[in-house]
Structure formats: structure tokens, C-alpha cells
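# Topology and contacts: notes
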Amino acid sequence: MHTRFLFLFFISIILISQSCKNAKNEMPEKGVSFALNEYRKKTLDSIQYNIELEIPSQKTQVIKGKQIVTFNLKSLDSALVMDFNADSSFLHAVKSSGKEIAYDFVNEHIVISADQLVKGKNEIEITFTAGDLSLNRNEEYLYTLFVPDRASTCFPLFDQPDLKASYNLTLKTPKDWEAVSNGILKEKKSAGDQNIYQFEKTKPISSYLFAFAAGKFFKTEKTVGGRAMTMYYRETDRKKVERNSDEVFNLHAKSVAWLEEYTAIKYPFGKFDFVLIPSFQYGGMEHPGSIFYNESSLFLDENAPVNRKLARASVIAHESAHMWFGDLVTMDWFNDVWLKEVFANFMAAKIVHPSFPEINHDLRFLLAHYPGAYEVDRSIGTNPILQKLGNLKNAGTLYGGIIYQKAPIVMRQLEKKIGEGLMRESLQEYLKTFSFSNAKWDDLIKIIDKKSPEDIATWSNVWVKTAGMPEYEFVGDKDEILIKQKNDSLSDRIWQQPVVTFWKELFAQGSVMVHIDNKPQSIRKPDLPAMVFPNANGQGYGYFKMDSVSEDYFLKNYNSNKDTMLTDPVFRGAMLVNIWEGFLRGDGAEPELFVNTLLNILPKENNALISDNLLGDLQTIWWTFLTASQRTRQQERIEKVLWTLLETTQDKGMKNSYFRAFRNVAMTEDGLKKVESLWNEKLKVKDLILSEDDKIGLAYELVLKGQGDGNAVFEKQLNDTKNPDRKSRMKFVIPALSPDQNVRDAFFESLKKPENREHEAWVLEALGYLHHPIRAKNANKYLKPSLDLLQEIQLTGDIFFPQRWLGVTFSGHSDKESAEIANSFLKSNPDYPYYLKNKILQSTDMLDRAVRLKK
């Protein structure tokens with residue numbers, strides 16, 4: 001009897017296994033493999049989802065769902081595989097033509113055998129409980145975030161970007177809730193204690209772009225330039241809303257109008273709504289017809305600095321550009337996710353120009369992109385723009401500085417190489433050819449190559465398909481100065497690009513542009529010893545090492561009227577980027593000397609973009625590269641310089657920037673008393689207007705630095721905080737600031753449970769204080785467990801970008817012990833996934849450099 005039982009058991013396992021295999025005779029793995037993606041792309045089309053979800057009033061109650069999915073099946077040579085990344089108990093019934101059918105649930109997939117299907121049109125009905133993983137449920141609202149492959153955590157579907165589908169959505173919500181989705185609202189009706197929202201069918205979109213939000217939202221409707229728009233939001237500060245709303249609507253209208261004119265294609269998705277969400281995971285998400293934003297990115301505080309206003313305009317332009325670049329034409333596979341991001345960033349840079357005529361946009365592009373790109377590209381964990389991807393479950397690891405900062409630089413180079421007219425013409429052809437479909441980077445390159453005499457494919461192979469950044473050096477003697485690219489570690493590749501260099505002699509100065517190839521290029525045959533200022537227009541990409549004489553001249557004569565090149569803000573920005581890169585590579589001044597230099601030149605700077613950049617560099621050196629004793633020696637001076645600038649600057653936006661920098665570094669008794677007096681409003685600074693977020697930040701600094709009774713500070717701040725979302729966030733963060741090590745330990749332990757990581761922005765803010773440099777020694781013990789959690793975090797997606805978890809974890813550490821923990825982890829895990837290993841190397845690069853520079 002026992003033997004017979006085992007025989008039947010193994011036979012059943014074999015039968016299940018056979019029924020679950022795909023066309024390549026393989027069991028579907030977790031996630032969506034490239035093989036499964038390719039097979040489904042060939043065999044499925046004409047997909048439509050009719051989805052109904054019933055959202056209860058209590059967050060702890062389940063969301064009931066049912067859906068009908070129709071599709072055209074071209075082949076019956078394999079079982080049908082649908083994706084549902086939830087527990088098997090969440091799946092209740094699967095029907096075809098009204099009858100329940102057999103299915104298997106394997107590795108987060110519903111597998112339906114071919115004999116249950118027909119060639120041609122099929123209709124599958126599924127009842128299920130919606131998974132919460134990507135529903136971002138709060139007590140008073142929820143919102144979806146399905147990028148890159150998270151739609152399947154909520155409901156069953158074919159979750160890959162090249163299977164575009166139409167969606168009919170019905171939402172049943174509590175009666176006092178609003179609801180918004182991609183489609184136009186067809187009907188809203190009440191039934192008992194529910195509202196029922198029925199949305200019209202969408203245009204064909206990729207699954208990661210399907211979205212909805214529901215909850216207690218305020219909403220404002222406005223028509224600008226003939227375009228009706230609706231804004232949903234949670235902010236309770238009516239003055240802040242009124243102060244920002246018109247500009248938010250106007251920036252959207254301007255962006256869409258510009259894109260329609262540039263692309264020669266009208267806005268493709270009918271209605272245009274946007275939802276502002278507290279603590280949204282990133283700046284925005286380009287759901288067609290329903291863009292989601294981080295509320296604080298669009299509702300700015302009074303007297304916001306120019307960088308914040310630019311950032312708002314840019315994120316609006318970025319998400320608007322995605323309606324064409326990413327939504328209308330979508331990447332074929334997520335390894336080309338950079339393509340939609342680069343076009344959105346590239347277009348955003350063009351769009352914001354008319355809205356900010358007073359801004360130097362070449363300078364803004366330089367400071368917004370180059371430092372962030374270099375931060376990744378200088379590390380040994382860097383990656384090419386176009387990366388490999390074997391499974392969609394790993395797509396979140398593709399994002400980072402290379403996609404968001406380097407790719408727009410490369411795209412600008414491409415435009416300069418082929419010309420603005422040809423670039424625009426090629427993009428228009430690309431959009432028209434692949435509208436409501438999918439495309440690859442190489443599809444665009446083929447279009448350009450047909451039109452341009454340049455060898456764009458060879459250029460692309462270096463800039464897009466290989467990793468790293470070029471390094472340049474000046475060689476020669478008194479007779480001639482030459483620039484050349486240093487020998488590359490990867491074959492003999494040449495980073496083709498034009499480079500502008502300024503030169504200066506005692507009685508003459510000028511500039512020269514050279515096109516870098518495989519030979520040294522002449523800069524100048526000087527009559528006298530010359531100084532050289534490489535990449536003077538800030539458009540070349542790479543490490544341009546400056547000689548000490550030229551660097552010393554630039555810093556000692558900073559922004560001096562006696563030299564016209566020094567008064568050019570783009571030139572100053574470019575040289576500061578060069579010098580910062582040299583410092584990090586060990587080719588510049590010692591850290592303490594460099595702090596003194598920055599404190600000397602900061603008061604001389606009158607450009608807000610450069611001042612903000614200087615403040616960022618100054619604070620990085622302060623907390624990462626100085627020893628405690630060096631900070632003590634410089635403490636009074638840095639506080640004096642920043643406080644003086646705070647009090648005397650006439651730029652109201654920069655006043656906020658100086659305030660935040662002062663708050664960050666203040667440690668003396670006098671400095672902390674100023675912080676406390678600003679917080680309790682006993683001290684006022686003219687034109688400095690502190691928001692509720694600013695007050696919370698001041699309270700955090702007081703407790704972190706032991707100024708006053710921490711419990712009393714928190715109690716007062718909680719009572720003073722009116723916005724319920726900010727109050728909830730504050731309650732979450734407070735344990736990470738506790739002076740009691742046991743409380744902080746317990747908080748960190750709580751993060752090991754996924755349900756305690758569901759608010760990404762809250763978690764990252766709390767980790768920043770947990771690992772603050774002041775407490776870094778006591779936080780070293782969290783580093784190894786944080787690394788141990790990385791794979792789980794990447795798969796659950798509760799921290800969407802794994803590097804954010806790593807970045808904030810290591811940001812406060814700059815000692816040898818911390819570096820050894822990271823290095824030991826990698827040595828102990830030689831088979832660790834390369835894409836996560838690279839993220840660790842990127843995130844610890846600054847730590848490693850700090851250890852070397854502190855020796």
C-alpha cells in the first residue's frame with residue numbers, strides 16, 4: 001500500500017510538471033523570464049481586461065476582485081501562463097465560457113493547459129483577492145504603483161511591457177472616497193455605503209502603466225489653453241495649495257503644448273489628470289491620463305529656492321514627455337527602460353527653458369546631470385546605459401544615476417552630433433512608426449543612420465553599450481600643450497566627443513575646441529608658461545584632471561571681475577565639477593584645506609545654482625571626509641559663514657538653502673541655541689519663512705544633537721503638526737532618533753518585516769537618522785543585516801530602488817570598519833547577483849574614498 005501511494009504521488013507530480021511547461025519545455029520560473037516574454041509576444045495579441053475591485057473602508061480588510069480577460073491566441077502548442085504574484089489562496093476560481101476550468105499555480109503563475117483553450121478569441125474569468133504589495137494602502141487612501149512588474153502582485157494578467165492591452169476598470173469604494181484611473185470616468189453612482197466608479201476603456205497601454213488611486217482626496221479642476229485637467233491632492237494647508245495650484249496647472253499645459261508641437265502628434269490619451277500623493281516613492285510616475293506625483297515636489301514652500309522651482313518644472317515636463325516617450329511608444333523589454341527615461345529627461349530640459357528665461361540652462365544642465373552621473377561612473381560597480389536583463393523581477397536594479405543623469409548627457413551629444421533638425425525629424429518618425437506599440441534603442445539608431453552621414457552605430461556602441469567614463473590628461477612641454485584620452489581599461493575604445501579648453505598666459509587667453517580621437521590633440525603652443533582649464537563649457541563628459549597652478553589661480557581669483565572667464569557661471573560650474581572630481585580621486589587638496597577653500601569662495605558666489613552645488617559639496621566633505629577633530633576645529637567658522645549668509649542674502653530662495661545647511665551642521669552651543677530658537681519661534685530671520693516640514697526637521701536636529709528634552713520636543717512638534725500625513729510619518733521616524741540605543745535597535749529589527757517597510761520615504765528618512773554620522777559608530781552593527789536584507793527588498797519591491805536602501809544605509813559611515821563590513825560581505829558571497837553587487841559597490845564608493853583620503 002505504501003509503495004503504491006508513492007508511485008501515484010510521483011505520477012501526479014510528473015503530470016503537473018508536464019502541464020506547467022511552456023513551449024520550450026521548461027517550468028515557468030518566478031517573475032517573467034525573457035524566454036516567457038518572447039513566447040507570449042509571438043502567441044498573444046488583442047488583450048483586454050475588465051476588472052472590478054471592491055475596496056473596503058478598513059485597511060486591514062481584503063480587496064475582492066473579479067475580472068474577465070479576453071485575448072487572441074495564435075498557437076495551442078503550449079500551456080497559457082498568466083502572472084499572479086500572490087499567495088495561491090488569493091486565487092478563488094478560473095472560468096472559461098462560464099465554466100470552471102482546471103489550472104495549476106506554479107511559481108507565481110496561473111498555468112492553463114492548451115486543451116482548455118481555443119485558437120483565436122478566448123475569454124477567461126477570474127475571481128481573486130487583490131494582493132496588497134503594490135497597492136500602497138493607507139487608512140484614508142491607496143494608490144497603485146505597478147512599475148516594472150508589480151501589476152501581477154495585485155491581479156492576474158500578462159505582466160510584460162510588449163503586450164499592450166486595454167483596461168476597463170470598475171472601483172467600489174467607501175462613500176466619502178474619490179477615485180481616479182487612466183480612463184475617463186464614465187459613470188459614478190452611489191449604492192448604500194459605497195460609491196461605484198466606472199471608467200471607460202483605455203487606449204492600449206503596457207501593464208506597468210495601468211493605475212488607479214482612491215481615497216479622501218481634495219480635487220481642483222481647471223482648463224488651461226483649452227485643456228481640461230483635474231488635480232487630486234491631500235495637502236491640508238489651503239494657503240500652500242492656493243499659492244501653488246495655478247503654476248502647477250500652467251506648467252502641465254505648457255509642457256503638453258510644447259510636446260504636441262515638437263512631436264507633431266496630439267496628446268494621445270484623451271483626459272489629463274494628476275494625483276499628488278504624500279511620500280510618493282519618487283518624483284512622479286507617468287500613468288497616461290493619471291500622472292502620480294510626490295506632493296511635496298509640486299506644492300512648494302513659500303520662498304522656495306530656484307533649484308526647487310526648476311525641479312518642479314522639470315518633473316512635470318519629464319512626466320508629460322513620457323506620454324509620448326514611454327507611453328505612446330514603449331520599450332520592447334525593460335533593459336531599454338533607459339530609453340523612455342532619457343527622452344523624458346532630455347525633453348524636460350528643453351521644455352523648462354521658456355518657463356525660466358532668467359536661468360542659465362547650460363549651467364543648470366551641467367549641475368543637474370554631471371555630478372550625479374560621475375557618482376556612479378567613477379565607481380567600480382558602474383554599468384552601461386543599456387544593461388542586460390534576464391527576468392523582469394530584477395528590472396528595479398536597472399535604475400540609477402546612469403539612466404537618469406548620464407543618458408541625457410549622451411542624448412545631448414547625439415543631438416549635437418547630428419543636428420537639432422535631424423534629431424527632431426528622426427524622433428517624429430520613431431513615434432509615428434511605433435505608436436501604441438513597442439521599440440528598441442537600435443530601432444531609433446537605424447532611423448538616424450539612414451538620415452545621417454555619421455557612423456552613429458559605432459558611437460552608440462561605446463557611449464550606450466559600455467560602462468565607465470573617459471579620463472583625460474594634458475601632456476607636452478613648454479613648446480606645445482596636448483590633450484589626450486588616457487589608455488582605456490576596456491580594449492582601445494575612444495569616447496568620441498568635442499572638448500573645449502580655455503588657456504591663459506600672462507598677456508593672452510583664449511579657447512580651443514578639439515574632437516577627441518585616438519591621437520593627442522594640440523591645445524596651445526605657448527609663448528610663455530600657460531594655464532589650462534579643461535572642459536570649459538561643461539559639455540564634455542569624463543574626468544578632466546586640472547594642474548595645481550591652474551586650479552589655484554581659479555580658486556584664488558574666484559568670480560573676480562578682473563578676468564572675464566571667471567565671471568562666466570558655466571565656466572565656474574565646470575571648473576568646480578572638475579575640482580570636485582579631482583578631490584574625490586585624491587588629486588586635489590586635503591579635506592580640511594578644501595573645506596576652508598569652499599568657505600572662502602561661497603560668499604563670493606552670486607549664482608543660486610552654483611551656491612546650492614557648493615553647499616552640497618561642503619556638507620558632503622563635512623560629514624564624510626573630515627575627522628571629528630577636524631570638524632571641531634572648523635565648527636565655529638562654518639556656522640559663522642553660513643549664519644552670516646543666511647542673514648545677509650537678498651535671495652529669498654537661497655535664504656532657505658543656507659538655513660537648511662546651517663541646521664545640518666550646527667553643533668556649538670550657540671549654533672544649537674539658534675536652531676532651538678528658530679524652532680520655538682523666539683528667533684526670527686527676515687524673509688525666512690519656515691514650513692511645517694522645516695519645523696519638523698528642526699525638531700529632529702534638536703533631539704539628534706541632544707539639545708533640550710527630546711520627549712518634550714517631540715510632544716510639542718506632534719501637537720503643532722496639523723497635516724495628518726506628516727504627523728503619521730513623524731510618529732514612524734521618531735524611534736530612529738531616540739537617544740536610547742535599545743529603542744533604535746528595536747526600530748531596526750522592525751524593518752526586517754516587509755509590512756514595516758511599506759512607506760518607502762518614511763523608511764529612508766528614518767534610516768538617514770539611524771545612520772547619521774553622529775551615531776555611525778553605534779550603527780555599524782546594522783550594516784551587515786542591511787546587506788543581508790537586500791535581496792529580499794529587491795524582490796518585494798517595498799524599497800523600489802535597492803540602491804536607495806544601500807545609499808542611505810552607508811551615507812553616514814566613513815570609517816575603515818564600515819568599509820570592511822561591505823568588503824567582507826562581498827568576499828563571503830562570491831556568487832552574489834552581479835546587479836546587486838554593483839549597487840553595493842556604487843553605494844560604498846564614497847565610503848571607500850573617505851577611508852583613503854583620511855589616511
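Counting of residues starts from 1 at the beginning of each chain's written sequence and follows it residue by residue. Given that the model is predicted, a residue must reach a pLDDT of at least 70 before its local features are reported, and side-chain atom pairs must reach 80 or more before they are shown or counted; all residues, however, enter totals for whole chains, interfaces and linings. Based on all heavy atoms of the structure, the side-chain values leave hydrogens and waters out of the count.

This part takes up the packing of helix 13 (residues 569-584) against helix 14 (residues 591-601). Between the N-to-C directions of two axes lies an angle of 0 to 180 degrees, each axis being a line fitted to C-alpha atoms and, for a helix, fitted only over the stretch in contact. Secondary structure elements follow DSSP: runs of H or I of four or more residues count as helices, runs of E of two or more count as strands, with numbering from the N terminus. Axis separation between helix 13 and helix 14 bottoms out at 12 Å; the angle between their running directions is 165°. Relative to helix 14, the element helix 13 is oriented roughly antiparallel. Handedness of the crossing formed by helix 13 with helix 14: left-handed. Of the residues in helix 14, those in contact with L576, I579, W580 and F583 of helix 13 are P591, F594 and I601. Here the term charged refers only to Asp, Glu, Lys and Arg, the term nonpolar to Ala, Val, Leu, Ile, Met, Phe, Trp, Tyr, Cys and Pro, and the term polar to all other amino acids, Gly among them. Grouping the constituent residues of the contact of helix 13 with helix 14 by class yields seven nonpolar, no polar and no charged. For classification purposes, an angle smaller than 35 degrees is called roughly parallel, one larger than 145 roughly antiparallel, one from 65 to 115 roughly perpendicular, and anything else oblique. Two helices that cross are described as forming a left-handed crossing if the nearer one is turned anticlockwise from the farther one by less than a right angle, and a right-handed crossing if clockwise. For this analysis, residues touch if any pair of their heavy atoms sits within 4.5 Å.

A word on the sheet that holds strand 11 (residues 178-181). Two strands pair if DSSP finds at least two bridges between them. One open sheet holds the three strands; their spatial order is 9-14-11, and the pairing between them is antiparallel. Every interior strand has two partners, whereas the edge strands, strand 9 (141-143) and strand 11, have only one. Strand-to-strand twist in this sheet, taken as the mean axis angle between neighbours without regard to direction, amounts to 5°. Where strand 9 meets strand 14 (residues 212-215), three bridges bridge the pair, whose relative direction is antiparallel.

This part takes up the pairing of strand 25 (residues 509-515). If a strand is regular, its side chains alternate between the two faces of the sheet. Judged from the seven bridges that link them, strand 24 (residues 498-504) and strand 25 form a sheet pairing that is antiparallel. Across the sheet, the residue bridging to W503 is G510, located in strand 25. Linking strand 24 back to strand 25 in an antiparallel pair, the connection comprises four residues.

Multiply 1.5 Å by the residue count of a helix minus one, and that product is the helix's expected span. Over its 14 residues, helix 9 (residues 420-433) runs 20 Å from end to end, which matches the ideal 20 Å to within 8%, given 1.5 Å per residue. Think of it in three bands: residues with accessible area under 20% of the maximum for their type are buried, residues over 50% are exposed, and the middle band is partly exposed, with areas taken using a 1.4 Å probe on protein chains only. Those residues of helix 9 that sit buried are L422, M423, S426, L427, Q428, Y430 and L431.

This brings us to the sheet that holds strand 10 (residues 165-174). Pairing in this open sheet of eight strands is mixed, and the strands run 5-4-8-2-1-10-13-12 from one edge to the other. Each edge of the open sheet is held by one strand with a lone partner, namely strand 5 (99-100) and strand 12 (185-191). Two strands pair when backbone bridges link them, and strand 12 and strand 13 (residues 194-199) are joined in this way by six bridges, in the antiparallel orientation. By the bridge assignment, K188 is partnered in strand 13 with Y197. Sheet strands touched by helix 2 (residues 34-43): strand 1 (44-54) and strand 2 (64-73). Its angle to strand 1, the strand with the most contacts, is close to 105°.

A separate point is the pairing of strand 24. Summarising burial for strand 24: six of the seven residues are buried, a large majority. Of the strand pairs in this sheet, strand 24 and strand 27 (residues 531-534) are connected by four bridges, and their pairing is antiparallel. In the sheet register, K504 faces strand 27, and the bridge partner there is M531.

Here the idea is simple: oppositely charged side chains can pair when their charged atoms come close. Salt bridge criterion: a side-chain nitrogen from Lys or Arg within 4 Å of a carboxyl oxygen from Asp or Glu. As enumerated under the stated definition, the model contains 55 salt bridges in all. Here R227 makes a salt bridge to E260, at a shortest N to O gap of 3.0 Å. With R227 in strand 16 (residues 227-233) and E260 in helix 3 (residues 238-263), this residue pair connects regions lying 33 residues apart in the sequence. The salt bridge partner of R757 is E792, with a shortest N-O separation of 2.9 Å. Highlighted residues: R757 in the loop between helix 22 (741-750) and helix 23 (760-770) and E792 in helix 26 (residues 790-796), separated in sequence by 35 residues. Residue R757 is classed as buried on the basis of its relative accessible area of 0%.

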